[in-house]
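# Structural overview
These are the residues of each chain, in order.
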Amino acid sequence: MSFEKLGLSAEILRAVADQGYTSPTPVQAQSIPNILEGHDVLAGAQTGTGKTAGFTLPMLNIMQKKHPERGHKKNIRALVLTPTRELAAQVAESVVTYGKYTSIRSTVVFGGVGINPQIQKLRRGIDILVATPGRLLDLANQGEVDLSQIEFFVLDEADRMLDMGFIHDIRRVLKLLPQKRQNLLFSATFSEEIKKLAQGFLKSPTYVEVARNETSHQVTQVVHPVSKAKKRALLSKLISEGEWQQVLVFTKTKHGANRLTKQLESDGIGAAAIHGNKSQTARTKALAGFKAGNIRVLVATDIAARGLDIDQLPHVVNYELPNVSEDYVHRIGRTGRAGNTGEAISLVSADEDKLLHGIERLIKKAIRKVAIAGFEPDPEDIKVAQKEAQAQKQRRSSHQRRRRPNTGNANSANRKPKQNRSRASGNRSRNG
Ligand code: AMP
């Protein structure tokens, strides 16, 4: 399959050729013709699949064809909503890259930086606005953004949006849009909540699905069982002896990311942390340093890393496994992107065995385990983890016994309402 067959204009094809792309990725091959035909699209695709070009190329194509010369008109014609500032900046960059031979103007707005320069750009008139929800609503409330003429509405990484609590903001934005428009929704996963949201605003969408929740075949996965106390030494050894040029390392907490960054620095390995407590300037600086190759290790939490577009990252390390199995899939999607191969390495201590099993259940395969001499799990750690697992089991069964007192009556009024039970078991820890 070639890009020429998809029905894109010469201006767009030229920009694609400049990027050196030779053939469309599966998500592009499926979504581009459908979007060009004017359909709403619901796409299951995670970062790394080429989804940004999947919606940007046809959108630019249609917009350019409809009004090749817009003169003084200032109405915004397309809105792309993203969950994070970093993703917004990256999508906006892609819009400029792919639209460089068109007359389409675009800008990006997000919080954490001054609002006035954004207002100035908006006042000059733009066609495509890329935005995070909070800042967009601020600007709309101030009368600086008019969404009443929107022709395209794109919700990127919709699952992340909901995870981050943006559902109400999304609904507020939807109220500002005109009835007649083309909608595109991209999401890596499809919970009931996403389906409900999608049903609410997509009109007879075409479904595009690319390997949902399956880890990329381009990515080699390995687990190194390791003593908790030796994780950091093992990471430094892997980086130095493997002569890794660059690696993205995931930790569970912001504090953990800071601590690991300092420790790597003291091992003589250039590192920077990126997480929710860092200022926007610090995050942008860390990302730019990493992209420029000046920083060897970028240590990130899940939320901060969301949507980061870093080309051809050969290694991703899970310094700690995520609490939510789906995040593992997102994390390792950072390597082996768009045709490149990559390696995802997880350093797993005995207390993380349960998380590892959860991940293996989700991806439907066992990950290869390779112990490294001198770093094997501490027998003491294993005993403690087994004891803790046993204690958890006991706590669960005694909890269940308490919920079902010995009355023999299954409908006993003492039973906890269903809602409470599911809330207790669905507890997710988020630390970005
Ligand atoms: P995305 O999933 O949109 O974040 O894109 C992931 C990466 O793939 C980006 O670095 C893009 O520049 C790159 N990419 C997108 N489309 C293609 C393509 N057709 N061929 C090669 N690389 C691509």
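Described below are features of the structure shown in this document. All residue numbers refer to position in the chain's written sequence, counted from 1. For a predicted model such as this one, the threshold for reporting local features is a pLDDT of at least 70, and the threshold for listing and counting side-chain atom pairs is 80 or more; totals across whole chains, interfaces and linings nevertheless cover every residue. Values reported for side chains reflect all heavy atoms of the structure, with hydrogen atoms and water molecules removed beforehand.

This brings us to the overall build of the chain. Secondary structure assignment for the chain yields 17 helices and 14 strands. Within the chain, buried positions represent 51% of all 432 residues. Whether two residues are in contact is decided by their heavy atoms: any pair within 4.5 Å suffices. In the chain, 75% of the contacts between residues at least 6 apart in sequence involve partners at least 24 apart. Computed with a 1.4 Å probe, the accessible areas rest on the Shrake-Rupley method; for each residue, only the protein chains presented here act as cover. Accessible area for the chain stands at about 21,000 Å²; split by element, carbon and sulfur atoms hold 48% of it. Secondary structure follows DSSP: runs of H or I at least 4 residues long count as helices, runs of E at least 2 residues long count as strands, and numbering of each begins at the N terminus. When accessible area is computed with a 1.4 Å probe and restricted to protein chains, residues below 20% of their type maximum are described as buried, those above 50% as exposed, and intermediate ones as partly exposed.

What follows deals with the pattern of salt bridges. For side chains bearing opposite charge, pairing can occur when the charged atoms are close. In the sections that follow, a salt bridge refers to a side-chain nitrogen of Lys or Arg positioned within 4 Å of a carboxyl oxygen of Asp or Glu. Inspection of every chain in the model, using the stated rule, returns 20 salt bridges. Asp127 is the partner of Arg77 in a salt bridge, and the nearest nitrogen-oxygen pair spans 4.0 Å. Highlighted residues: Arg77 in the loop between helix H3 (51–66) and strand E2 (78–81) and Asp127 in the loop between helix H5 (116–124) and strand E4 (128–131), separated in sequence by 50 residues. Residue Arg77 is classed as buried on the basis of its relative accessible area of 0%. According to the relative accessible area criterion, Asp127 is buried, its value standing at 2%. The network of salt bridges with shared partners includes Lys66, Arg77, Arg105, Asp127 and Glu151.

Right, let's talk about the environment of Leu202 for a bit. Note that Leu202 resides in the loop between helix H9 (192–201) and strand E7 (206–209). Separated by 161 residues in the primary sequence, Leu202 and Val41 have C-alpha atoms spaced 7.7 Å apart. Sequence-distant contacts of Leu202, defined by excluding residues within four places in its chain, comprise Asp40, Val41, Leu42, Asn183, Leu184 and Leu185.

A separate point is helix H8 (residues 167–175). Among the residues of H8, Ile167, Asp169, Ile170, Val173 and Leu174 are the ones counted as buried. Summarising the axial view, the buried residues of H8 lie within an arc of 160°, below the 170-degree limit, and thus occupy one face. Facing away from the buried side of H8 by over 90 degrees, the exposed positions are His168 and Lys175. For H8, the elements touching its buried residues are E2, helix H6 (133–141), strand E5 (152–155), helix H7 (158–163) and H9. This arc describes the spread of directions from the helix axis toward the C-beta atoms.

Our focus in this paragraph is unusual backbone geometry. For Glu243, which is not a glycine, the phi torsion comes out positive at approximately 50°. Counting through the fold element by element, Glu243 comes out in the loop between helix H10 (231–241) and strand E9 (247–250). Not every positive phi belongs to a glycine, and Lys364 is a case in point at roughly 60°. Within the fold, Lys364 resides in the loop between helix H15 (353–363) and strand E14 (368–369). The class of Lys364 is exposed, set by a relative accessible area of 73%.

A word on H15. Along H15, the residues classified as buried are Leu356, Gly358, Ile359, Glu360, Leu362 and Ile363. Each element contacted by the buried residues of H15 is listed here: strand E8 (219–225), helix H14 (325–332), strand E13 (342–348) and E14.

Turning next to a positive patch on the surface. Nonpolar side chains (Val, Leu, Ile, Met, Phe, Trp, Tyr) are joined into patches within 5 Å and like charges within 9 Å, using only residues with over 30% relative accessible area and no salt bridge. Charge counting follows a simple rule: Lys and Arg are positive, Asp and Glu are negative, and His as well as the terminal groups are ignored. Just so you know, the charge point we use is NZ for Lys, CZ for Arg, CG for Asp and CD for Glu. On the surface, Lys354, Arg361, Lys393 and Arg396 cluster together into a patch of positive charge. Every element with two or more residues in the positive patch is listed here: H15 and helix H16 (379–403). When you line up the elements, Arg361 lands in helix H15. The class of Arg361 is exposed, set by a relative accessible area of 64%.

Below, the discussion takes up the packing of helix H2 (residues 26–36) against H3. The N-to-C vectors of H2 and H3 enclose an angle of 25°; their axes lie 9 Å apart at closest approach. As judged from the angle between their axes, H2 and H3 are roughly parallel. Relative to H3, the crossing made by H2 is right-handed. Residues Val27, Gln28, Ser31, Ile32, Ile35 and Leu36 of H2 touch H3, and the partners they reach there are Lys51, Ala53, Gly54, Phe55, Leu57, Pro58, Asn61 and Ile62. The residue classification treats Ala, Val, Leu, Ile, Met, Phe, Trp, Tyr, Cys and Pro as nonpolar and Asp, Glu, Lys and Arg as charged. All others, Gly included, are polar. Among the residues forming the contact of H2 with H3, the class breakdown is nine nonpolar, four polar and one charged. To obtain each axis, a line is fitted to C-alpha atoms, and for helices this fit is confined to the stretch in contact; angles are then taken between N-to-C directions over 0 to 180 degrees. Put simply, angles under 35 degrees are roughly parallel, angles over 145 are roughly antiparallel, angles from 65 to 115 are roughly perpendicular, and the rest are oblique. By definition, any crossing whose near helix is turned counterclockwise from its far helix by less than a right angle is left-handed, and any crossing with a clockwise turn is right-handed.

Between H10 and helix H11 (residues 254–266), the shortest axis-to-axis distance is 11 Å and the interhelical angle comes to 55°. Judged on the interaxial angle alone, H11 and H10 are oblique. Handedness of the H10/H11 crossing: right-handed. Side by side, H10 and H11 meet where Arg232, Leu235, Ser236 and Ile239 of the first sit next to Leu260, Gln263 and Leu264 of the second. Grouping the constituent residues of the contact of H10 with H11 by class yields four nonpolar, two polar and one charged.

Further remarks concern the sheet that holds strand E3 (residues 106–109). For two strands to pair, DSSP has to find at least two bridges joining them. An order of E3-E4-E2-E5-E6-E1-E7 is seen for the seven strands of this open sheet, with the pairing classed as parallel. A single partner strand is all that each edge strand has here, and the edge strands are E3 and E7. On average, each strand axis in the sheet is inclined to that of its neighbour by 15°, with strand direction left out of account. Pairing analysis gives four bridges linking E3 to E4, with the strands arranged parallel. Counterpart to Thr107 in the pairing with E4 is Leu129. Helix-sheet contacts for H2 involve strand E1 (41–44), E5, strand E6 (182–187) and E7, and the interaxial angle to E7 is about 165°. Across the sheet, H9 touches E1, E5 and E6, and the angle it forms with E6 is around 170°.

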